[in-house]
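Now for the letters of each chain:
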Amino acid sequence: MDHLVSLLLLALSTAIINNFVFHYFVGICPYIGVSRRVDMAFGMGAAVTFVMGVASFLSWMVTYFVLRPGASLTAWVAGLAGADAGSMDLSILKYAVYIFVIASAVQFVEMYLRRFFPPLYKAFGVFLPLITTNCCILFACLEIGTDKRMTSGSPDFWPLDLALVYALCGGMGFALAITIMAGIREELDLCDVPKALRGPSIVLIIAGILAMAFLGFAGVDTNIGKLLGR
């Protein structure tokens with residue numbers, strides 16, 4: 001029961017309280033570029049959530065079995081080569097490996113959308129390949145892969161279920177943020193926005209206001225945890 005409560009609190013904290021866009025300010029490029037229409041924004045949010053989940057799962061597997069100090073697969077290969085398995089630490093490669101994993105996941109999504117959802121694929125245009133450089137996805141992978149429980153070689157590593165909840169809810173939080181912005185921007189088309197604020201300027205101002213609004217959720221997870229007996 002305590003583990004389920006931990007998953008629930010992590011999901012709530014990641015998606016709303018510590019929203020990647022409003023709290024960490026990552027993923028701003030697609031947040032501004034693909035938030036002109038609600039349907040397009042929701043599709044981008046769903047694609048980012050899927051890619052983030054796949055990339056985080058693969059990154060966790062690579063980190064645990066290959067990159068972290070004392071990784072079992074790395075130690076086994078080092079033993080076959082006659083090297084000192086205890087000195088093997090490939091964590092310096094995590095940036096390159098994570099980017100490769102994210103690019104592979106994006107390519108899979110791109111081929112899937114091109115085959116089964118051509119209108120959505122055309123609507124994304126150049127922004128679909130740009131998911132590869134979406135800071136939200138790399139941020140989630142780095143948060144999971146550089147957690148001290150993963151990098152210290154401790155048996156108390158970040159469990160896979162927590163990592164997947166963190167990644168998927170982070171993607172849902174991004175989808176929530178970009179969909180809210182798209183709804184506001186559709187209404188802005190009917191407003192007389194001052195010329196100096198048109199375009200990205202008014203979008204960034206609105207994003208700042210939304211970020212302050214989301215600060216109102218701070219502490220909600222703590223109170224819910226107390227309510228559930230944490």
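Use the structure listed above.
Residues numbered from 1 in each chain as written. Predicted model: local features only at pLDDT ≥ 70, side-chain atom pairs only at ≥ 80, totals over all residues. Heavy atoms only, no water.

Student: Looking at this structure, I do not really get a nonpolar patch on the surface. What am I missing?
Tutor: On the surface, a cluster of nonpolar side chains totalling about 420 Å² of accessible area is made up of Ile205, Ile209, Met212 and Leu215. Of note, Leu215 is situated in the loop between helix H10 (200–214) and helix H11 (220–227). Taking the relative accessible area as the measure of exposure, Leu215 reaches 56% and is therefore exposed. (Patch = residues over 30% accessible without salt bridge, like charges linked within 9 Å, V, L, I, M, F, W, Y side chains within 5 Å. Areas by Shrake-Rupley, 256 points an atom, 1.4 Å probe, with all protein chains shown as cover. Salt bridge = Lys/Arg side-chain N within 4 Å of Asp/Glu carboxyl O. Helix = DSSP H or I, 4+ residues; strand = E, 2+ residues; numbered from the N terminus. Buried < 20%, exposed > 50% of the residue type's maximum accessible area, 1.4 Å probe, protein only.)

Student: Honestly, the side chain of Ser56 in this entry has me stumped. Any pointers?
Tutor: Mapping Ser56 onto the fold places it in helix H3 (residues 38–67). Look at Ser56 and you get buried, because its relative accessible area is 2%. Leave out the neighbours within four places in its chain, and Ser56 touches Ala140, Cys141, Ile144 and Ala167. (Contact = heavy atoms within 4.5 Å.)

Student: For this particular structure, what's the right way to read the state of the cysteines?
Tutor: Disulfides are covalent bonds that connect the sulfur atoms of two cysteines. For the structure shown, the criterion picks out zero disulfides. Lacking any disulfide linkage, Cys135 is separated from the closest cysteine sulfur, that of Cys136, by 7.3 Å. A relative accessible area of 46% places Cys135 in the partly exposed class. (Disulfide = S-S within 2.5 Å.)

Student: Whenever I open this one, the nonpolar core confuses me. Can you help?
Tutor: Considering soluble globular proteins, one finds that nonpolar side chains tend to be buried as a cluster. Phe20, Phe22, Tyr31, Met52, Ile131, Ile137 and Tyr166 are the most contacted members of the largest nonpolar core, which totals 58 residues. Taken together, the elements giving at least two residues each to this core come down to helix H1 (2–17), helix H2 (28–33), H3, helix H5 (94–116), helix H7 (135–145), helix H9 (160–188) and H10. Residue contacts for Ile131: discarding those within four places in its chain leaves Met44, Ala47, Val48, Val51, Ile102, Val106 and Ile137. (Core = buried A, V, L, I, M, F, W, Y, C linked by side-chain atoms within 4.5 Å.)

Student: Help me understand the packing of H3 against H5 in this model?
Tutor: Working note: a packed helix pair is described by the angle between its axes plus the distance between those axes. The geometry of H3 relative to H5 is characterised by a closest axis approach of 9 Å and an angle of 140° between their N-to-C directions. As summarised for this structure, H3 and H5 are arranged oblique, according to the angle between their axes. H5 is crossed by H3, and the crossing has right-handed handedness. The segment H3 lies against H5, with Ala47, Phe50, Val51, Val54, Ala55, Leu58, Ser59, Val62, Thr63 and Leu67 engaging Lys94, Val97, Tyr98, Val101, Ile102, Ala105, Val106, Phe108 and Val109. (Axes fitted to C-alpha atoms, helices over the stretch in contact; angles between N-to-C directions. Parallel < 35°, antiparallel > 145°, perpendicular 65-115°, else oblique. Left-handed = near helix turned anticlockwise from the far one by under 90°.)

Student: Teacher, can you tell me more about the packing of H7 against H9 here?
Tutor: Running from amino to carboxyl end, H7 crosses H9 at an angle of 155°, the nearest separation of the two axes being 10 Å. The pairing of H7 with H9 is recorded here as roughly antiparallel in orientation. Relative to H9, the crossing made by H7 is right-handed. Contacts between H7 and H9 involve Cys136, Phe139, Ala140, Glu143 and Ile144 from the first element and Ala163, Tyr166, Ala167 and Phe174 from the second. Taken together, the residues of the contact of H7 with H9 sort by class into eight nonpolar, no polar and one charged. (Nonpolar A, V, L, I, M, F, W, Y, C, P; charged D, E, K, R; others polar.)

Student: Please explain the side chain of Asn19 as it appears in this structure.
Tutor: Along the polypeptide, Asn19 turns up in the loop between H1 and H2. A distance of 3.0 Å separates the side chain of Asn19 from the backbone oxygen of Ala15, its partner in a polar contact. At a separation of 2.9 Å, a polar atom in the side chain of Asn19 contacts the main-chain carbonyl oxygen of Gly173. Setting aside anything within four residues of it in sequence, one finds Asn19 in contact with Ser13, Thr14, Tyr24, Gly173, Phe174 and Ala177. (Polar contact = N/O pair within 3.5 Å; in protein donor to acceptor, adjacent residues only side chain to side chain.)

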